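Tertiary structure, described
Here's the letter readout for the chains.
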Amino acid sequence: MSFGDLGAVRTLEDVKGLAKLLLDEGGDLFWTAAQQNALANEANRAVFRELIETNPEYFIESTTGPFVWAADTESFDLTSNFINSIPYKIIGIEETEKASAVANDNLPTKWRPMRFQDRSYVHSMDSWWRGEVTRYYSLVGKKLYIAPMPHEAINFHIYWIKNIEKISADDHTVLRSTQGQANGAAEAYGDLVAVYLAKLMNAKQQGQNPMIEQLWLEGLDRMKNNAQSRNVDEPSYVRVTRAPWD
């Protein structure tokens with residue numbers, strides 16, 4: 001098991017090794033390799049979802065842009081334009097006046113999410129509202145819908161999260177959207193993938209090890225407390241007193 005040498009649980013092999021260690025299982029007698037891989041993928045997806053719920057910044061993709069939304073068009077097919085797969089979540093969409101990167105002379109205007117069924121109301125509001133109507137969007141499958149529709153072509157930037165890929169080889173890294181890419185910010189939580197795998201494997205043993213559930217809950221609580229921000233900075237304010245003894 002490589003996790004003992006590296007001091008970290010990063011790969012599929014590490015995850016399976018730690019999970020079996022927690023269950024005091026030395027080999028592959030109770031679970032086949034195929035079963036372990038299948039359960040490890042479920043564990044990887046479970047921690048992926050929990051981590052995004054706590055802080056999506058670990059997985060945000062910034063697609064090179066901006067992209068052009070044609071005038072008088074309500075929907076935009078993401079997969080036929082610049083995203084190869086259906087996004088797991090859209091984190092943000094911004095509109096800029098110029099077809100270039102965000103800059104001091106090209107500041108973004110943020111679009112707001114909406115429910116798909118509300119778009120007709122926003123469309124109708126655009127016809128009678130005297131002020132400028134904020135742009136709203138809704139992701140439906142592979143298509144992005146906006147309201148109100150632009151009267152002329154607009155430039156937009158999109159920030160999104162991929163669906164996590166299946167891991168199959170022992171050297172595949174857990175909690176990484178795409179194997180081989182550089183973003184490994186979430187690898188510090190690989191041990192939680194191993195604990196969740198042990199939780200799934202323990203279920204097949206009718207819960208013979210009751211401590212596994214407690215380990216998962218403790219780890220999940222620790223992740224939610226520590227992963228809320230990736231920034232560590234000084235306090236934002238200082239309390240000024242009248243004298244050293246106040």
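What this report covers is the structure whose coordinates are included nearby. (Residues numbered from 1 in each chain as written. Predicted model: local features only at pLDDT ≥ 70, side-chain atom pairs only at ≥ 80, totals over all residues. Heavy atoms only, no water.)

1. A look at empty space enclosed by the protein
Scanning all chains against the criterion turns up one cavity of 30 Å³ or more. The calculated volume of the largest cavity comes to roughly 50 Å³. The wall of the largest cavity is formed by F59, E61, R176, S177, T178, Q181 and N183. Residues belonging to the lining of the largest cavity are distributed by class as follows: one nonpolar, four polar and two charged. (1 Å grid on protein atoms, 1.4 Å probe; cavity = no way out; pocket = protein on both sides within 12 Å on 5 of 7 lines; lining within 4 Å. Points joined across faces, edges and corners; volume = space filled by probe spheres on them. Nonpolar A, V, L, I, M, F, W, Y, C, P; charged D, E, K, R; others polar.)

2. What to know about the sheet that holds strand β7 (residues 136–140)
Sheet strands pair via backbone hydrogen bonds, and the direction of the pair is either parallel or antiparallel. Taking strand neighbours across the sheet as the criterion, the four strands line up as β3-β8-β7-β6 in an open arrangement whose pairing is mixed. Edge positions in the sheet fall to β3 (75–77) and β6 (112–113), since each of these pairs with one other strand and no more. (Pairing = 2+ DSSP bridges. Helix = DSSP H or I, 4+ residues; strand = E, 2+ residues; numbered from the N terminus.)

3. Brief notes about the pairing of strand β8 (residues 143–147)
In terms of burial, β8 is a largely internal element, four of the five residues being buried. Judged from the three bridges that link them, β3 and β8 form a sheet pairing that is antiparallel. The residue of β8 that forms the bridge with S75 is Y145. Pairing between β7 and β8: five bridges, direction antiparallel. Paired with Y136 across the bridge in β8 is A147. Counting the residues that bridge the hairpin from β7 to β8 gives two residues, and of these G141 lies at a positive phi of roughly 60°. (Buried < 20%, exposed > 50% of the residue type's maximum accessible area, 1.4 Å probe, protein only.)

4. Overview of the pairing of β7
When β6 meets β7, the two strands line up parallel, connected through two bridges. By the bridge assignment for β7, P113 is matched with Y137.

Everything listed here is a matter of coordinates, which is why it stays silent on function.
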